[in-house]
Each structure stands twice: as C-alpha cells, then as structure tokens.
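The primary structure of each chain is shown beneath.
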Amino acid sequence: MDQIRIEMNPRLLIFIAVTFLQVHSVAQVSIQGSVLEGKGKPLPGVNIFFKGSFEGSSSGRNGDYGFQSTLQGNQILVFQFLGYKTQEIEINCDQDSVRVPDVLLIEMITEMNSVTISAGAMQASDQSKSVILKPLDIVTTPSAMGDIMGAFQTLPGTSTVGNDGRLFVRGGDASEVGIYIDGMKVGNAYGTTVGNVPTRTRFNPNLFKGTFFSTGGYSAEYGQALSSALALNTKDLSIRSQGDLSLMSVGGGYSHTLANEEQSITGSVNYFNLGPYQDLIKQDIDFVKAPKGWDVEMAAQKKTGKNGLLKVMARTESGGMVLRQPLPGSENKILIDLKNNYSYIQANWKTSLKNDWMVFAGISYSKNLDNISHDSLTLERTNELTHLKASAIKDFSDRLSAKFGLEHFIHPFSEKLIKQELRRAFEDHETYLFTEWDYYFNKNLVLRTGLRAGTSPLSGESWLDPRISFARQVGDNGQLSLAAGRFHQLPLENYRVLNTELQNSESKHLILNYLLSKEGFTCRAESFYKSYDNLITFKGTGESPEVLTNNGSGYARGFDLFFRDRKSFKDTDYWVTYSFVDSKRRFNQYETQVQPAFAPKHNMSVVIKRFIAPLKSQLGFSMAYNDGYTYTNPNKDDSEMNSKTKSFQNLSLSWSYLPKPNLIIHLACTNVLGRDNVFGYTYSPEANSQGTYESTTQGQVAPRFLFLGIFLTLSKDKTANNLNNL
C-alpha cells in the first residue's frame, strides 16, 4: 500500500499545478484611481467595488486606491462613503489596466448635518438642534404660572406688560403676533378681559410637543402679523393610557387618555374660580364677582396608512367677571360685567407620498362671543374665523426643496348694543397663496426665498410679500443668519367694522443673527430693524368711520442677547435674556411718533431651575425687569407720552415636590418682594377747579399671586406622571 501511494503523489501534484496555472491564466485588469471630496481634498476610507461582486478595495490616506479584477466587459464601479452621495462609473475591463478619472464625492445634506435658518427664529421640539423652550420649561418657569405667554416673556425680543398678559414683540402691539396651532390660525387665542386684569392664553401647554416662535422675518407660510409668528405643534400619538387629576388653589380638573399603537384620544374638563382665593388675599381691584369659568377639551390622533396622521382638536369654554372700575376725579365707579363664550375646533391631516412629496390639509373654526355691560350700556360682540389650508412640500434633491400652499379665511364680525338695537357688522373672504424654496449650496450655506400673495374683497386690495433669508456655518458650532421681508396685516376687527375700506398696515424686517449651539449651551445674539407704514390713526373716540385712516408710521430697532446653560452646574438649568428696543410710532390717537406704552427700552429676565434629588424637588427662580412704561401726563406739558413709570421688577419663586412618582405638588409665588409695579395712569378728561387733571393708577391686581397645585396620575405604570405629557 505504501508503494501505491508513492506512485500516485506525482500525478496529484501535476493535477494541482495544471489547475493553478489555468486559474491564473485568466485575464486580469488593474484598476487604479483617486477619490476626492467636494473641495478637492483626498478622501480616505471610501468603499470601492464592482456592482454585483465582491471585488474591490478602499481608498488610502491620500485618496488613492488600486486592485486587481478578473471581471470582463463593461462593469459598474461603485464609490460609497457614509455621509456622501454614492457615485457609480461604468468602465471597460477588457484591457490590462484602467486609470479611472478622479471621482469627486459630494457630501449628502441632511437635517442632522446642515445649517438652519436662525434669524428671528426660536424653536423647541424633539427634532430641533437648538432647543429654546419645551412645554416642560413653560410649566416650570415660576413667573409663567403655567401660561404659555408668561414663559415666552422670558425670551429675547419680548416685553413684559404686567397688566395685559399677552405677548408683545420688539416694539409691536400684542395684536401683531399671529398664533397658530398645527399651522392653523387661532382666532381670539387669549381670554377676554377688562380693565387692568391680565389675560392668559386659552390653551394648556400639555397639548403641545414643541413650539416655533419667530421674533421677525418669519416664513412665507405665515401672514397677517406685523411683528411675530408663534406656531404651536400638538402632540402625536400619546404613549400610554392614563388619567390626570389636578387640584389647585384656584380650581381643579381631570383629563383621561386612551391610547394604543394606532390611535389615541384625550378628554379633559377644568373649572376655576378665584373667589375663595380672593376672600383670603386682599385684591387691589374691586371685584363684585371674581373671575371664574370652565372648559372642556378633546384631542385625538389616528394613524392613516403607512405614513399618515390625522389630528382632531376641539375646545369650548365659558367664563366671566364683575368689577367696579374707578373714574379719575370722581368717587363714582363704573360697574363692568363681562361674560365670554368661546369655541375652537380643528382637524388636520398630513402624509408622505411617492417621489418625496409631503402633503398637509387642515380646517379650523373659532367663535368668540363677548357680552360686556358698562353700567346700563350692554355690548354684544361676535367674532368668527374659518381657516382652510392645503400645502405640499417637495424634496427635489438633498439640496433643493420647495413648499407650496393655498389658504382661505372666512371672517365675519358683528357688534350690537342690546337695548338700543343698534348693530354694525362686516364679513371678509381673504385668500392667500404662498411658496418657499430652500437651496443648500453645501451643508454650510443655505438660501431660503419666499413669496406670499393675498387679497381682501372687503378692503378691495391685493398685496405681495417677498421674503428672503440665508445662513452660513461659522466654525464647528456657530452660524450666521440674515433675514429680510415685507409683512402685511389688516386692521383689528373693531376698526374695520367702523370703516371697511381701511387698508393693510405694512412692516419691513431686517434681521442679523448669530447662534452658537453645542451640547448644554445656547448663545444667541441678534440685531433688527423694522419699519411701519399705513398704521391706523384716529382722533377723538373713533366712533365715526371717517376719522379712521391709514396715516400712521413708525420704526423699531435694537438687539437681543440670550444665553442658556444646562451643563456647567449639575442638575441646574438657567437662561439670561436682555433686549434693547428703540421703538416709535404714530398710531391710534397720537399725532406724533411716540414710544408706545407697551415697548420699554430695556428688558431683562433671568430664569434658574435646579433639581435636588435627595429632596425629590425642583426649585425655580425667575426675575423680570424693564425700565418702565411711557404715558401722557397732561399736568406736565402738551407733549405726548411725556412721562415714564418707575422700573418694573418681578421676582418669582417655585417649588415642585415629587413625594411619589405619580404625585407632584407645585407651589409658586410671583412678585415675592411685593414691589408696587405701576403700568400707567388714567387721567380725567377735564381739569378740576385747581387746574389739575386727576388720575387713577393702573397697577397690579394684587401685590403677589400665590399658586398651589396637586397633580395625581392614575395608570397601570405607577411611575407615570404629568411630566410624561411634556
């Protein structure tokens, strides 16, 4: 047997040798080349291979590559690298060697690596790279008392007007801020109030997952706002079923959520009554009946198809108050009785389609009914707004995208004196078209152009608003943005009902912004200039249509600074804001350009929140300051807005305690030091016997406001609480 094995081994060796020679006698081609990135620099580590095979290599440090291939004929050579667009080149392998022309890989532009427009824009959402305020921030800011606008008053560009409660932005009136929910315009977003009683927004911050707040130069998607756009985005599907019970010093409420993977619905009912609270704490306003009211709210979400989401929201509420308002120079008081009923409903649907299209369709309706009695005079005011909207976004490539949209508003308004049976009304049907285009030159430079067109049959005018902005990356974490545009807004309804021929007011914005954002830090500096034209002016009481005109004008200029730090101090989050606003305008009854009472020059706020784990508590501190409000003192001279109040200061504190995971106790107090803040004075129309115009003070409702709330969550998950909604 050994002899046989010896004789067979040479034959086996010959067979192996022949086979080896046959394999290596197949024609081979040498592939060589270089890979560069967009700026022409070598790009190492690129994966290079023939499509449908395992033959290939990767580029070296200098971008060069080379390998041998046994493939023949025309083949597709693929160049693939993470973060860059894949390139494919066809080459002929029927030759000894191939020198592939230099391949230039273009970096892929995505939301994660590209610069974004930040001029005038502050946004907060789960997707935002530069988070400013989330709903949780709104709820836990001490001075806000759970009110959305109260929290936004701590941001740059805003002014605190303590006896109003609405949002004032960069020298503009609160009526010049457009408020949207899921892209749909909200009519009468604030509760109706009287006198010096500050109002609040009607909607609970628990509804929303994120916000977009623009202090100017905002998107062409939004219109009818001279100063600012505030877009609130509601939550998508709720994550669990749960009930939330709230007991507060001013009322209480309950909400219940039912949820699964395909749909969810939340219903809530709330009641508030300041009567018991005001019986314990003296008020500086003579309330006959304290403010009280109730609301019922529903929000539902449902997945449609693979990518669609349908949202429906409805709210109805009712409230009112009765108070006596003093008259300057008289011991008499005016009895004011306010009743308000409000309803809002909207539905919107969005989905993504083939070929990189995304579509949106929505409809909303709001109705506000005010019944206001001044002694024996009773006014009933009805304001309705129907908004229909459709828009589409198309991504033509990772560099170019466009948005197209169409909107229509149906806007009836009426006022009538009940006993006198006098009525005046109007109805307008406004139509708007808008488009916006984003083009990325590269991941560090983006240009956005927009155009918005509108028409109003009632005023008989059409208008066109061009807008442009661009941003450039500066360093690893900074960016510089510039925005400019024109904006129009029709007069307030109580003016249009007097003169339906009033035209749009107009504003032009120019904004320069620098944003530095990295983990735990946000630093923002912005300068701005705004011009105003065609503002509404009137003389006397404005009771006759012919005295209302579009003769007003003005400007606002200044800068904002914002710094937020969530990293330097353990379990501590704080932000500091300073805004300088130089604003003058000729409007309303003023015959010259004056500094408006709602536009203090210097505005500052500081917010600090610290979580103390051993105490299961979060402590909050906020301080607001401005240099005072202008007013006209007829005892001083004949000039307009010739005086200013002392500075406004408000120190607020809060304490949130979690004795159990599903139980939160929240205590907050505004104006802890009890500072006597004055917002202006109301003067008698005629001088007394000594030649002096007597006045009454426009001040705070009370030196302080104290709030206590207990929030209990009921669910299968015993660790769930109200914070899950934020």
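This structure is a prediction, so every number in the text was calculated from the model and none was measured.

## Observations concerning the overall build of the protein chain
Secondary structure assignment for the protein chain yields five helices and 41 strands. By the burial criterion, 48% of the 726 residues in the protein chain qualify as buried. Taking all contacts inside the protein chain whose residues are at least 6 apart in sequence as the whole, residues at least 24 apart take part in 59%. Here the protein chain displays about 34800 Å² of accessible surface, and carbon together with sulfur accounts for 57% of that area.

## Comments concerning the sheet that holds strand 6 (residues 87-92)
Spatial strand order, 3-2-5-6: four strands in an open sheet with antiparallel pairing. Both edges of this open sheet fall to strand 3 (56-58) and strand 6, since each of them pairs with a single strand only. Strand-to-strand twist of the sheet, defined as the mean angle between neighbouring strand axes without regard to direction, takes the value 20°. Alignment of strand 5 (residues 74-80) against strand 6, held across six bridges, turns out to be antiparallel. Of the residues in strand 6, the one forming a bridge with Val-78 is Glu-88.

## With respect to the nonpolar core
If you look at the biggest cluster of nonpolar residues, it comprises 27 residues, and the most contacted ones within it are Leu-167, Ile-181, Phe-203 and Tyr-344. Elements represented by at least two residues in this core include exactly helix 3 (148-152), strand 12 (177-181), strand 14 (208-214), strand 15 (228-234) and strand 21 (333-353). In this structure, Phe-528, Leu-535, Ala-556 and Met-641 belong to the second largest nonpolar core, which totals 21 residues.

## Description of the packing of aromatic side chains
Enumeration over the complete set of coordinates arrives at 29 aromatic pairs. Relative to Phe-67, the ring of Phe-50 has its centre 5.9 Å away and its plane inclined at 70°; by these criteria the two rings are edge-to-face. Of the two residues, Phe-50 sits in strand 2 (residues 47-50) while Phe-67 sits in strand 4 (residues 64-69), which places them 17 residues apart along the sequence. On the basis of relative accessible area, Phe-67 is assigned to the buried category, the value being 9%. Ring geometry for Phe-152 against Phe-213: centres 5.2 Å apart, planes inclined by 65°, an arrangement best described as edge-to-face. Residue Phe-152 is located in helix 3, and its partner Phe-213 is located in strand 14; the two are separated by 61 residues in the primary sequence. The residues Phe-152 and Phe-213 share a single accessibility class, namely buried. An aromatic cluster is present here, built from Phe-168, Phe-587, Tyr-590 and Phe-598 joined pairwise through their rings.

## Observations regarding the environment of Pro-328
Structurally, Pro-328 can be placed in the loop between strand 20 (308-326) and strand 21. Along the chain, Pro-328 and Tyr-683 lie 355 residues apart, while their C-alpha atoms are 5.8 Å from each other. For Pro-328, the contacting residues outside a window of four places in its chain are Thr-682, Tyr-683, Ser-684, Glu-694, Ser-695 and Thr-696.

## With respect to the pattern of salt bridges
Any two side chains of opposite charge can pair if their charged atoms end up close together. Tallied over the entire structure, the rule returns 33 salt bridges. A salt bridge links Asp-582 to Arg-557, with the nearest nitrogen and oxygen atoms 2.9 Å apart. Placement of the pair is Asp-582 in strand 32 (residues 572-586) and Arg-557 in strand 31 (residues 549-565), with a sequence separation of 25 residues. Judged by relative accessible area, which is 10%, Asp-582 ranks as buried. Classification of Arg-557 by relative accessible area gives partly exposed; the value is 39%. Look at the salt bridges and you will find they share partners, linking Arg-202, Asp-295, Glu-297, Arg-315 and Glu-317 into a network.

The rules behind each value
- Residues numbered from 1 in each chain as written.
- Predicted model: local features only at pLDDT ≥ 70, side-chain atom pairs only at ≥ 80, totals over all residues.
- Heavy atoms only, no water.
- Helix = DSSP H or I, 4+ residues; strand = E, 2+ residues; numbered from the N terminus.
- Buried < 20%, exposed > 50% of the residue type's maximum accessible area, 1.4 Å probe, protein only.
- Contact = heavy atoms within 4.5 Å.
- Areas by Shrake-Rupley, 256 points an atom, 1.4 Å probe, with all protein chains shown as cover.
- Pairing = 2+ DSSP bridges.
- Axes fitted to C-alpha atoms, helices over the stretch in contact; angles between N-to-C directions.
- Core = buried A, V, L, I, M, F, W, Y, C linked by side-chain atoms within 4.5 Å.
- Phe/Tyr/Trp six-rings, centres within 6.5 Å; stacked < 30°, edge-to-face > 60°.
- Salt bridge = Lys/Arg side-chain N within 4 Å of Asp/Glu carboxyl O.

That is the geometry; function is a separate question.
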